[in-house]
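So you can see what is in the structure, the chains are spelled out below.
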Amino acid sequence: MDPADALALLMSPAGRVDPYPTYERLRAHGPVVQAGPVFYVVTGYAEADAILRDARFGVMDDGLRDQFMPGWRESPAVLSISRSMLRTNPPDHSRMRRLAAGAFTPRRIAAMRDVVQAQADDLVDRLLAGGRGGAPVDFMAEFAYPLPVGVICALLGVPAADRPLFRRWATDLTGVLEPEITADELAVADRGAGELRAYFTELVAARRRAPADDLTTALVQAHDADGESLSGDELLANLIVLLVAGFETTTNLLGNGLVALLDHPDAAATLREHPEFAPGYVDELLRYDSPVQLTSRMSTEPSRHGGLDLPPESWVIVMLGAANRDPRRYPEPARFDPWRPQIHPLSFGAGPHYCLGAALARLEAQVAFPLLLRRLPGLALAGAPERRVRLTLRGYATLPVTVGREAAPVTVPGTPPEASGRTP
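Being a predicted model, the structure only gives us computed values, none of them experimental. (Residues numbered from 1 in each chain as written. Predicted model: local features only at pLDDT ≥ 70, side-chain atom pairs only at ≥ 80, totals over all residues. Heavy atoms only, no water.)

A short note on the overall build of the chain
Argument step 1. For the chain, the count of helices and strands is 19 helices and 12 strands.
Argument step 2. Relative to a compact globule of 424 residues, whose C-alpha radius of gyration would be 22 Å, the chain shows 21 Å and is just as compact.
Argument step 3. Seen through its principal axes, the chain has C-alpha atoms that stretch 60 × 60 × 40 Å.
Argument step 4. Classification of the 424 residues of the chain by burial places 53% in the buried group.
Argument step 5. Carbon and sulfur atoms make up 55% of the accessible area of the chain, which totals about 17600 Å².
Argument step 6. Side-chain charges of the chain comprise 43 positive and 52 negative groups, with the mean position of each set lying 3 Å from the other. (Helix = DSSP H or I, 4+ residues; strand = E, 2+ residues; numbered from the N terminus. Rg over C-alpha atoms; globule rule 2.2 N^0.38 Å. Buried < 20%, exposed > 50% of the residue type's maximum accessible area, 1.4 Å probe, protein only. Areas by Shrake-Rupley, 256 points an atom, 1.4 Å probe, with all protein chains shown as cover. Lys, Arg positive; Asp, Glu negative; His and termini not counted. Charge placed at Lys NZ, Arg CZ, Asp CG, Glu CD.)

Details of the pairing of strand E5 (residues 294-299)
Argument step 1. One ladder, built from 2 bridges, connects strand E3 (residues 57-58) with E5; its direction is antiparallel. Pairing of Phe57 across the sheet is with Ser299, part of E5.
Argument step 2. For E5 and strand E8 (residues 315-319), the ladder comprises 5 bridges, and the chain directions are antiparallel. In the sheet register, Leu294 faces E8, and the bridge partner there is Met319. (Pairing = 2+ DSSP bridges.)

Overview of the pairing of E8
Argument step 1. Taking burial as the measure, the 5 residues of E8 include 4 buried ones, the bulk of the element.
Argument step 2. Of the strand pairs in this sheet, strand E2 (residues 39-42) and E8 are connected by 4 bridges, and their pairing is parallel. Residue pairing across strands places Phe39 opposite Trp315, the latter belonging to E8.

Next up, the structure:
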């Protein structure tokens, strides 16, 4: 199968639901393959990492959007994403990122652990209540969505009563992040963007009337101070992206990760007994089934990667999910192994656009998985999960589980097991 055919298969519904076999068909042609006149696909780990860090590559700017996406300014979804830090280059990207970065410092993230723990405990209580008598419950709706949306909404200062609104709006909007989108799908994304813009327009007005100790107030004040630190369009766009990115990736990490753990009961049993191993487990879960599968870059200068010369204005799709399973970097990449040495997945990107909330997402998963396994030792799948037909953001639409009985309180052992002489 040539690269163009493999890429077409990847964009099909079947290819999006399970992209991993198609990644290997692409990889067979090399770590970087040409799929069009100025169109390249990257599946190699070293090459993906290098391109994401290479200053000669950036995200698509307005001029290139005009060239490749005529009429994009008429789309609320594309316009919202394009005015955020997600889709801007330095110096605008650096300016906007700096304004939000204070909410995601290591010290502030570490201080949130108790809050995340309390929210996760409450959600396990809900799972137990809903799953009484063996009734199946949807893990995505009852845990994987409400945990991260509660955390990011607390940072932004979004009232708790409004949190259920965002799942559909975000699902609609994030269709615009797919590498291909139909007119009907774009209309759905525009609807989601419109709802989110209307919501944050009201929240911004509320924070002007009554400032609070939250990220929304900080961004509003940055905008109002001079109008140059953050424009009105940038203010709304970044609030939307911070909200959506703040829970979409983590929701998918929790769903994908739970299925992987339930499929590997021995590994799950070790984590149940030794929650201190959670950081290594979460990194392997990110590598094994990445919640974000791809990102794109445009080149501004000639470069050479993976044995190919890439001319200026090359469009490069970096397959993060494929890079995380590059056998040159991770032997037996299709095997789930939290004991691997030096697990550094590219699931949150690399370089200037490395995910601002990566540490927060990791913290939520590091708290959630040991808690779920400890309190719900009988947790099991209740039928086949339903995958979302998405490639960029890989996750489940529904994930039915039975929870069994809650475990009696136990003292967690302090002596780790032997595991090839390594700890995750």
